[in-house]
Amino acid sequence: MGNWFEALMNFIFPPHCPLCHKYVENRGDWCKVCLSLACQPHRLPITAPMQSVIDSAWALSVYRGGTRDLIRGLKYQDKRSNLPYLKRLLQTAEQSAGVRKLLEESSCAVPVPLHEKRQRERGFNQAELIFGDWLQEHSVPVENMLRRVRPTKPLYPLTARERMANLSGAFRLGQEGMEKGKTILLVDDIMTTGATLYACAKVLQQAGAGKIQALVLASDQV
Ligand SMILES: [Zn+2]
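Everything numeric in this text was worked out from a predicted model, so none of it was measured.

The rules behind these values
- Residues numbered from 1 in each chain as written.
- Predicted model: local features only at pLDDT ≥ 70, side-chain atom pairs only at ≥ 80, totals over all residues.
- Heavy atoms only, no water.
- Axes fitted to C-alpha atoms, helices over the stretch in contact; angles between N-to-C directions.
- Helix = DSSP H or I, 4+ residues; strand = E, 2+ residues; numbered from the N terminus.
- Parallel < 35°, antiparallel > 145°, perpendicular 65-115°, else oblique.
- Left-handed = near helix turned anticlockwise from the far one by under 90°.
- Contact = heavy atoms within 4.5 Å.
- Nonpolar A, V, L, I, M, F, W, Y, C, P; charged D, E, K, R; others polar.
- Donors = N, O, S within 2.8 Å, 3.2 Å for Na, K, Ca; no water.
- Tetrahedral: all angles 85-135°; square planar, octahedral: opposite > 155°, others 65-115°.
- Buried < 20%, exposed > 50% of the residue type's maximum accessible area, 1.4 Å probe, protein only.
- Core = buried A, V, L, I, M, F, W, Y, C linked by side-chain atoms within 4.5 Å.
- Domains from an automatic or database assignment.

(A) Structural context of the packing of helix α8 (residues 160-167) against helix α9 (residues 195-206). Two elements in contact, α8 and α9, have axes separated by 9 Å at closest approach and are oriented at 40°. As judged from the angle between their axes, α8 and α9 are oblique. The two elements α8 and α9 meet at a crossing, and its hand is right-handed. Judged by residue contacts, R163, M164 and L167 of α8 engage A195, T196, Y198 and A199 from α9. Looking at side-chain class alone, the contact of α8 with α9 contains five nonpolar, one polar and one charged residues.

Printed below as a string of structure tokens:
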């Protein structure tokens, strides 16, 4: 986009903070207050049986308020105009030493896959869309090596134990296979109980992955 075009767009549709709608300088910017409230990189507690497959897990934000609205808008209303805000959140979160270490250690990133049918309906995999560019900028190649072979029931009414049972056998390694011993970063948009990440990590571990770490945009666990 040319500079003059951007200037014209900014004149007609002034860029604003996605939450409080205060005017900001560039498209995709948040105001300082909202961004510092939304961007809270934190290490997630990992309990058994997740400990046996996932080395560490990080969330960059808490799944409520603004972050939740942006993710839900993207997933359920196809609002791709939310992506620059989410990317700005990632760029802010990378200032955290823990997040930088996660990126530096990873030989590749694997987005949690959707079932083929769901992906066709939605038109994209949100984990890949949210993290793809940013990971590339950090020289972490995205490899779609997992397949969701079984559509699963909605997880929200289920208990943690039921979620794990529901997801057992839902993921497989794709035909391209996997180089053994890699340090893998599993990425997803949100984490609630961690059952999905666990099911994916288990498949990767059985296929010979080295260290497996997880990164989600938001979690409802603080
Ligand atoms: Zn704001």
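(B) Quick look at the coordination of the zinc ion. For the zinc ion, every protein donor is listed as C17 (SG), C20 (SG), C31 (SG) and C34 (SG), and the spread of their distances is 2.3 to 2.4 Å. Each of the four donor atoms bound to the zinc ion contributes to angles spanning 101 to 116°, and the resulting shape is tetrahedral. Sequence positions of the residues that donate to the zinc ion give the spacing C-x2-C-x10-C-x2-C. Since its relative accessible area comes to 7%, C31 is described here as buried. Taking the relative accessible area as the measure of exposure, C34 reaches 11% and is therefore buried.

(C) Representation of the nonpolar core in the model. Core analysis: the biggest nonpolar cluster contains 35 residues, and W30, F131, L135 and L215 have the highest contact counts within it. At six residues, helix α4 (residues 83-93) tops the list of elements feeding residues into this core. Looking at which domains feed residues into this core, each of domain 1 (1-38) and domain 2 (41-219) supplies at least three. When sequence neighbours within four positions are dropped, the list of residues in contact with W30 reads C17, P18, L19, V24, L35, A38, L70, Y85, R88 and L89.

(D) Just unusual backbone geometry, in detail. Here the residue pair A48 and P49 is connected by a cis peptide bond, since its omega of 0° sits within 30 degrees of zero. The backbone of D78 shows a phi angle near 55°, a positive value even though the residue is not glycine. Topologically, D78 is positioned in the loop between α3 (65-77) and α4. When its relative accessible area of 42% is taken as the criterion, D78 is described as partly exposed. With a phi close to 60°, S139 is a non-glycine residue in the positive phi region. Following the sequence through the fold, S139 ends up in the loop between α7 (126-137) and β4 (146-148).

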